[in-house]
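# Structural overview
Given next are the chains, with one letter for each unit.
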Amino acid sequence: MTTVGDLEPALRAGLADLGLVLPESAVQRLLGYLEALLRWNRVYNLTAVRSPAEMLTHHVLDSLAVVPPLRRQLGLPPMPPASVAPSAARVLDVGSGGGLPGVVLAITCPDLAVTCVDAVAKKAAFLTQVAANLTLANLSGVHARVEAVAGAYDVVCSRAFAALADFVACSRHTLAPRGVWMAMKGRVPHDEMAALPATVRVFHVEHLSVPGLGAERCLVWMRPAGDE
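Residues numbered from 1 in each chain as written. Predicted model: local features only at pLDDT ≥ 70, side-chain atom pairs only at ≥ 80, totals over all residues. Heavy atoms only, no water.

## Brief notes about the pairing of strand β3 (residues 139–143)
Our working rule: Pairing between two strands is assigned when DSSP locates at least 2 bridges connecting them. Labels follow the DSSP assignment, with helices taken as runs of H or I lasting at least four residues and strands as runs of E lasting at least two, numbered in each case from the N terminus. Consider the strands pointing away from the viewer: the crossover is right-handed when the path from the first strand over the helix to the second runs clockwise.
Sheet topology places strand β2 (residues 113–118) next to β3; five bridges connect them, and they run parallel. Directly across from Cys116, in β3, lies its bridge partner Gly141. Since β2 and β3 lie parallel, the crossover through helix α6 (residues 121–133) that links them has a hand, and here it is right-handed.

## Overview of the sheet that holds β3
Heads up, the condition is: Interaxial angles span 0 to 180 degrees and are taken between N-to-C directions of axes, which are lines fitted to C-alpha atoms, for helices over the stretch in contact. Contact between two residues is taken to exist if any of their heavy atoms lie within 4.5 Å; hydrogens are not considered.
In space, the seven strands of this open sheet follow the order β3-β2-β1-β4-β5-β7-β6, with mixed pairing throughout. In this open sheet, the two strands that pair with only one neighbour each are β3 and β6 (200–208). Averaged over all neighbouring strand pairs, the angle between strand axes comes to 20°, with direction disregarded. Sitting on the sheet, helix α7 (residues 164–171) is in contact with β1 (90–94), β4 (153–159), β5 (175–185), β6 and β7 (217–224), with an inclination near 150° to β5.

## Re the packing of helix α1 (residues 8–17) against helix α3 (residues 52–64)
So the rule is basically this: A crossing counts as left-handed when the near helix is turned anticlockwise from the far one by less than a right angle, and as right-handed when that turn is clockwise. In the scheme used here, Gly and all other residues not listed as nonpolar or charged are polar, with Ala, Val, Leu, Ile, Met, Phe, Trp, Tyr, Cys and Pro taken as nonpolar and Asp, Glu, Lys and Arg as charged.
Remark: α1 packs on α3, axes separated minimally by 10 Å, with the N-to-C direction vectors making an angle of 35°. When you trace α1 past α3, the crossing you get is right-handed. Of the residues in α3, those in contact with Ala10, Leu11, Gly14 and Leu15 of α1 are Leu56, Val60, Leu61 and Leu64. Its residues assigned to classes, the contact of α1 with α3 shows seven nonpolar, one polar and no charged.

Next up, the structure:
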């Protein structure tokens, strides 16, 4: 049976393919997160993916693939210094589930303040436990519907959460001035993009290549119309 330890070489190879150079502490936290996801998933059904190898490719590497474009969008250097306090950049992960991509972003980008919100209590509890166990001071887990979340975020993101129109409608109040939405999708969702209201503009669709995953992935970047 494959263990998380067996997946370390594949994780390191995936990081290299993505051009991500992380401190050893971050690599070990990613493995620790994967171990926690596997352990909690046996009881709480955080994700339909059960195989450790598939969790690595479909979840962790899939989330890692958004790190470079996210940092570019925020005007940050490719990777933060090894030791850094969270910056003023705030990220909200809507419908985070098992913490994807929010936990991965918090581990790899200590200069971001990441909040993961989920309406399911057991998932929010998992996120809080992960933040404590991995000593991620820049990660917060919130049990709430996104409609009840207060605060202003530079990037509001989602992965496998809802259609684009529903995503932007329920989270519009959480966008900071000049803030943007980042939606992780599979194939380019042309129909969803066409269904967006005139008050929202897609300003970029970015294709992603996820190591070990033979499937289409993209990011849909959006902002309120008139924000340039």
